[in-house]
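Residue-level listing of the chains:
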Amino acid sequence: MHGAIVSSFKRYLDTALGEDIWRHAVEYAGLKGKTYMPVSIYPDEEMEALLRAAEQASGLRRDDLLGDFGEWVIAPLMQLYKAMIPQDCDATTFLVNLQQTHERILKLKDPEAHAPGITVKRCGGGLLEIRYASTRNMGAMIPGAVKGIASWFHEEVALLASEPGQGGQSTYVFRVSSGEMTSKQAG
């Protein structure tokens, strides 16, 4: 797991749920005293243990915790990797190129690393189908992350459908529109 995600998870818990949740999570996960640096790679099992512990400490369901974290983490990640985002990019273009960008960022840290499979297909009319596939089973981050990406680009997004799959796979359908488009449609 990329250190930027694990260290961001700590900051998310501290700001959104309180520092006691993180302290409980690292202790419950058997990781007390461990420090997570954004530039390092950590075993997936540690992130999974932290997620389970945060779920237990917060009383939130795993999917709700991941969805909220997915939305929260986008702004810090976009700020961190801002130089890799083309100036004329919009939310749809960013999402369509997400897999390639994610792989490129991971390879900077670890040439052997592999990003989860995130396939984004344009369906016309502002619709996007996003398929997530990973043994990490963190697909519940997708709706929140897409919402965070749309917000970053000052666009609007609506989740129209979601379908959980087997073995860490899930499919989502979103409608993405710019704020200008929504204003014109309303008038």
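Residues numbered from 1 in each chain as written. Predicted model: local features only at pLDDT ≥ 70, side-chain atom pairs only at ≥ 80, totals over all residues. Heavy atoms only, no water.

**Quick notes on the overall build of the protein**
Short version of the rule: Counting from the N terminus, the helices are the DSSP runs of H or I reaching at least four residues and the strands are the DSSP runs of E reaching at least two. Our radius of gyration looks at C-alpha atoms and nothing else; its globule reference is 2.2 Å times the residue count to the power 0.38. We call a residue buried when its accessible area falls under 20% of the maximum for its residue type, exposed when it is over 50%, and partly exposed in between, using a 1.4 Å probe and counting protein chains only. When checking whether two residues touch, look at their non-hydrogen atoms; a contact exists if any pair is within 4.5 Å. Under this rule, positive means Lys or Arg and negative means Asp or Glu; His and the chain ends count for nothing. By convention, charge coordinates are those of NZ in Lys, CZ in Arg, CG in Asp, or CD in Glu.
Secondary structure summary: the protein contains eight helices and four strands in total. In terms of overall size, the protein behaves like a compact globule, its C-alpha atoms giving a radius of gyration of 17 Å where 187 residues would be expected to give roughly 16 Å. With respect to the three principal axes, the spread of C-alpha positions in the protein is 55 × 35 × 30 Å. Sorting the 187 residues of the protein into buried and exposed places 42% on the buried side. Restricting to contacts in the protein with at least 6 residues of sequence separation, those with at least 24 account for 62%. Once the 19 positive and 23 negative side-chain charges of the protein are each reduced to a mean point, those two points are 2 Å apart.

**Description of the packing of helix H4 (residues 62–80) against helix H7 (residues 141–152)**
Short version of the rule: Note on definitions: angles span 0 to 180 degrees between N-to-C directions of axes, and those axes are lines fitted to C-alpha atoms, for helices only across the stretch in contact. Oblique is the label for any angle not under 35 degrees, not over 145, and not in the 65 to 115 range, which are roughly parallel, roughly antiparallel and roughly perpendicular in turn. For a crossing to be left-handed, the near helix must be turned anticlockwise from the far one by less than a right angle; the clockwise case is right-handed. Under the grouping applied here, Gly and all other residues not named as nonpolar or charged are polar, the nonpolar ones being Ala, Val, Leu, Ile, Met, Phe, Trp, Tyr, Cys and Pro and the charged ones Asp, Glu, Lys and Arg.
Where H4 meets H7, the closest approach of the two axes is 6 Å, and the angle between their N-to-C directions is 40°. One element, H4, and the other, H7, form an angle in the oblique class. Here the hand of the crossing between H4 and H7 comes out right-handed. In this structure, H4 uses Leu66, Gly67, Phe69, Gly70, Glu71, Val73, Ile74, Ala75, Met78 and Gln79 to contact H7, whose residues at the interface are Met141, Gly144, Ala145, Lys147, Gly148, Ile149 and Trp152. Its residues assigned to classes, the contact of H4 with H7 shows 10 nonpolar, five polar and two charged.

**Some words on the side chain of Thr92**
On the secondary structure map, Thr92 appears in helix H5 (residues 91–96). Residue Thr92 is classed as buried on the basis of its relative accessible area, which comes to 14%. In contact with Thr92, other than residues within four places in its own chain, are Arg122, Leu128, Glu155 and Val176.

**Focus: the packing of aromatic side chains**
Heads up, the condition is: Each Phe, Tyr or Trp ring (for Trp, its six-membered ring) is paired with any other whose centre lies within 6.5 Å, and the angle between the two planes then decides the class: stacked below 30 degrees, edge-to-face above 60, tilted in between.
Applying the stated criterion across every chain, the model contains nine aromatic pairs. Here the aromatic rings of Tyr36 and Tyr42 are separated by 4.8 Å at their centres, their planes lie at 70°, and the arrangement is edge-to-face. Of the two residues, Tyr36 and Tyr42, both sit in the buried class. Ring pairing ties together the aromatic residues Phe9, Tyr12, Phe69 and Trp72, which thus form one cluster.

**Observations concerning the pattern of salt bridges**
The test is simple: What counts as a salt bridge is simple: a side-chain nitrogen of Lys or Arg found within 4 Å of a carboxyl oxygen of Asp or Glu.
If you walk through the whole model with that rule in mind, you get 12 salt bridges. Two residues, Glu48 and Arg62, come together in a salt bridge whose shortest N-O distance is 2.8 Å. Of this pair, Glu48 sits in helix H3 (residues 44–58) while Arg62 sits in helix H4, and the two are 14 residues apart along the sequence. You can call Arg62 buried: its relative accessible area is 15%. Residue Asp63 pairs with Arg61 through a salt bridge whose shortest N-O separation is 3.9 Å.

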